[in-house]
Amino acid sequence: MIQELIKRQLDAKLSGSDIPDEELKKFTRRTSTEFVKPERARVLHIFLPATDAKQRAEARKHAATLLKDIDGTREEGEVKCFQSVAMKGARTRSLRRWRDLRFLSKDELAKAYNPELASAAFDLKNPGDKAGPLDTPPASNW
């Protein structure tokens, strides 16, 4: 009962009704960036380098195989199917590079890698969705 009485007294004193609306608006404007963050997505990416048309065709074929492997491991109940396929490919040297690009906003992803990758990542709607093979220009971050 004592706790309930103290709670009621504090609620009555700290209702915010004594703070002017203009002061609340100023505080909200000043601190809104602390609480509002841009949407972020975790991106896992496999990079298959290709410099000419023949290599691009081979890379696309390899990417299609990787996507099938990822779907297959998902059907088998593998939770981290992307990582599993990527690690297996890294051990057999069929993959040159794969990365977890972390949680990044669309702008951060576009700046760090490229706008095409950022758009493809943010067009996906559900966790675990995949974007198909995507041609991207070479970047130093890969």
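Residues numbered from 1 in each chain as written. Predicted model: local features only at pLDDT ≥ 70, side-chain atom pairs only at ≥ 80, totals over all residues. Heavy atoms only, no water.

Trainee: Looking at this structure, how should I read the overall build of the protein?
Mentor: Across its full length, the protein carries six helices and two strands. Listed by position from the N terminus, the elements making up the protein come as α-α-β-α-α-β-α-α. Relative to its 142 residues, the protein shows a buried fraction of 22%. Counting contacts in the protein only where the partners sit at least 6 residues apart, residues at least 24 apart contribute 59% of the total. (Helix = DSSP H or I, 4+ residues; strand = E, 2+ residues; numbered from the N terminus. Buried < 20%, exposed > 50% of the residue type's maximum accessible area, 1.4 Å probe, protein only. Contact = heavy atoms within 4.5 Å.)

Trainee: When you look at a nonpolar patch on the surface in this model, what are you seeing that I'm missing?
Mentor: A cluster of nonpolar residues, Ile2, Ile6, Leu10 and Leu14, forms a patch on the protein surface that exposes about 430 Å² of accessible area. Relative to the helices and strands, Leu10 resides in helix α1 (residues 2–13). (Patch = residues over 30% accessible without salt bridge, like charges linked within 9 Å, V, L, I, M, F, W, Y side chains within 5 Å. Areas by Shrake-Rupley, 256 points an atom, 1.4 Å probe, with all protein chains shown as cover. Salt bridge = Lys/Arg side-chain N within 4 Å of Asp/Glu carboxyl O.)

Trainee: Explain the pattern of salt bridges to me, please; I cannot follow it from the model alone.
Mentor: Inspection of every chain in the model, using the stated rule, returns six salt bridges. The residue Arg8 makes a salt bridge to Glu4 at a minimum N-O spacing of 3.5 Å. On the criterion of helical spacing, the pair formed by Arg8 and Glu4 is a turn pair, its members being four residues apart in helix α1. Note that Arg42 is salt-bridged to Asp100, the shortest N-O span being 2.4 Å. With Arg42 in strand β1 (residues 40–47) and Asp100 in strand β2 (residues 97–105), this residue pair connects regions lying 58 residues apart in the sequence. You can call Arg42 partly exposed: its relative accessible area is 45%.

Trainee: I'm lost on the nonpolar core in this one. Help?
Mentor: Here is a general trend for soluble globular proteins: nonpolar side chains tend to be buried in one another's company. Ala41, Val43, Leu101, Leu104, Leu109, Tyr113, Leu117, Ala118, Ala121 and Phe122 form the largest nonpolar core, which has ten residues in total. For this core, the elements supplying multiple residues, two or more each, are β1, β2 and α6 (115–123). Ranked by residues supplied to this core, first place goes to α6 with four residues. In terms of nonpolar packing, the next biggest core, distinct from the first, is built from seven residues, Leu66, Ile70, Phe82 and Ala86 among them. (Core = buried A, V, L, I, M, F, W, Y, C linked by side-chain atoms within 4.5 Å.)

Trainee: Would you mind going over α1 with me for this structure?
Mentor: Structurally, the α-helix is built with 3.6 residues per turn, so residues lying three or four positions apart point the same way. Taking 1.5 Å of rise per residue, twelve residues should cover 16 Å, and α1 covers 17 Å from first to last C-alpha, within 8% of that figure. Within α1, only zero of the twelve residues are buried, which leaves the element largely exposed. (Expected span 1.5 Å × (residues − 1).)

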